[in-house]
Amino acid sequence: MPKRSSSSSPKAVKPANKPSQLRIIGGQWRGRKLAIADVDGLRPTGDRIRETLFNWLQGNIVERYCLDLFAGSGALGLECLSRGAAKVFLLEKHPVAVTQLRQHCERLDASNGEVVKCDALEWIEKASKEAGKNISPIDIAFIDPPFAANLWTAVIDSLESSGILSPTAIIYIESPKEQVITTPPHWELTKEKRTGQVCYRLFQRHQINLPQS
C-alpha cells in the first residue's frame, strides 16, 4: 500500500510574470505560439522545465497514450501531441481553460487530443471501471496539480489502484521543492531536478510480480 505524505499543505508557487503565450518547443508544431487562458492560479510549466522534461522523455512519446491530469494551459499535453503521441487526454475543470484548450486542438488539427472538462480524481474513478475495455493503458501520466490543492498523494494512490496505467508507465510529477512525494515501491525514481522553487521528477513504473499460490 502506498505511504502517505506527512508534509503540510504547500504554499502556491507562482511565476513572477505569468506568460500570455505558450510556445511549443518540439515536434511538428515547434515554435507555434498559443494564447494562455486568463485564469487565476493557472501555472504553465515553464520552457526551461519542459525542455528538460521532454529531453528525458525523448523516444518514449511516439504512438504512446498520455494523460495530462491537470492540463491548464496545455503545456504538457500539447507538447506530447506535437511529438507524435497516439492519444492525449487533457483533463481540466475550469470552463475558460477548457474552451481555450479545445480551440488549440481545433486550430492544430489535433484530433487525437481529447479535452475533458472534469475533476481529475473523478475521471480516474470513472476510467478505472473501463480499464481494459474502452480505454487503452496509459503510457505516460503527468501530475502537475495546483500547488495549493495538495493533491499529489490522492492522485498517486488513485492512479496506482485504478488499473489504467500500463505495467511500465512513466509518471511525471511537478511540485514545490519542499513537498514530500511518496510513491508506490515499484515506481522507480529515474530523474529529478530543481529549478527555483519547483522540483520535478520522473518515475518508471515496474511490473509487480505477485507471489504464486
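For the structure itself, consult the block above.
Now for a description of the structure that goes with this document. (Residues numbered from 1 in each chain as written. Predicted model: local features only at pLDDT ≥ 70, side-chain atom pairs only at ≥ 80, totals over all residues. Heavy atoms only, no water.)

Once that is clear, we can look at unusual backbone geometry. Here the phi dihedral of Asp109 falls at roughly 55°; this positive angle occurs in a residue that is not glycine. One non-glycine residue, Asn150, adopts positive backbone phi at about 55°. By relative accessible area, Asn150 is classed as partly exposed at 26%. (Buried < 20%, exposed > 50% of the residue type's maximum accessible area, 1.4 Å probe, protein only.)

Before going further, it helps to examine the sheet that holds strand E7 (residues 165-176). Through backbone hydrogen bonds, the strands of a sheet pair up, either in parallel or in antiparallel fashion. Taken together, 7 strands build an open sheet; the order of strands is E5-E4-E3-E6-E7-E9-E8 and the sheet is mixed. One side of each edge strand has no neighbouring strand; the edge strands of this open sheet are strand E5 (113-117) and strand E8 (187-195). If you compare each strand with its neighbour and ignore which way they point, the axes differ by 15° on average. Strand direction decides the pairing type here: strand E3 (residues 65-68) and strand E4 (residues 87-92), joined by 4 bridges, are parallel. Bridge pairing in E4 links Leu67 to Phe89. Strand contacts of helix H2 (residues 75-82): E3, E4, E5, strand E6 (138-143) and E7, with the helix running at about 165° to E4, the strand carrying the most contacts. Strands E4 and E5 of the sheet are contacted by helix H3 (residues 95-107), whose axis makes an angle of about 165° with E5. (Pairing = 2+ DSSP bridges. Helix = DSSP H or I, 4+ residues; strand = E, 2+ residues; numbered from the N terminus. Axes fitted to C-alpha atoms, helices over the stretch in contact; angles between N-to-C directions. Contact = heavy atoms within 4.5 Å.)

Time to look at the pairing of strand E9 (residues 198-205). Counting buried positions over the 8 residues of E9 gives 7, a clear majority of the element. As paired strands, E7 and E9 are joined by 7 bridges and run antiparallel to one another. Residue pairing for E9: Ile173 is matched across the bridge by Arg201. Here 8 bridges tie E8 to E9, and the two strands are oriented antiparallel to one another. Counted as the bridge partner of Leu189 is Phe203 from E9.

Quick look at the environment of Leu165 now. Mapping Leu165 onto the fold places it in strand E7. The buried category is assigned to Leu165, whose relative accessible area is 8%. Between the alpha carbons of Leu165 and Ile138 there is a distance of 4.7 Å; along the sequence they are 27 residues apart.

Before going further, it helps to examine the environment of Leu159. Summarising the element assignment, Leu159 is placed in helix H5 (residues 152-162). Along the sequence, Leu159 and Leu121 sit 38 residues apart, while their C-alpha atoms lie 8.6 Å from each other. Setting aside its immediate chain neighbours within four residues, Leu159 contacts Leu67, Leu69, Ile124, Ala141, Ile143, Ile164 and Leu165.

Before going further, it helps to spend a moment on the packing of aromatic side chains. Within the structure shown, the criterion is met by 6 aromatic pairs. Here Phe147 and Trp152 contribute two aromatic rings whose centre-to-centre distance is 5.7 Å and whose plane-to-plane angle is 50°, an arrangement assigned as tilted. Take Phe147: its relative accessible area is 3%, and that puts it in the buried class. Using a relative accessible area of 1% as the deciding quantity, one classes Trp152 as buried. Among the aromatic side chains, those forming a connected cluster through ring pairs are Phe54, Phe142 and Tyr172. (Phe/Tyr/Trp six-rings, centres within 6.5 Å; stacked < 30°, edge-to-face > 60°.)

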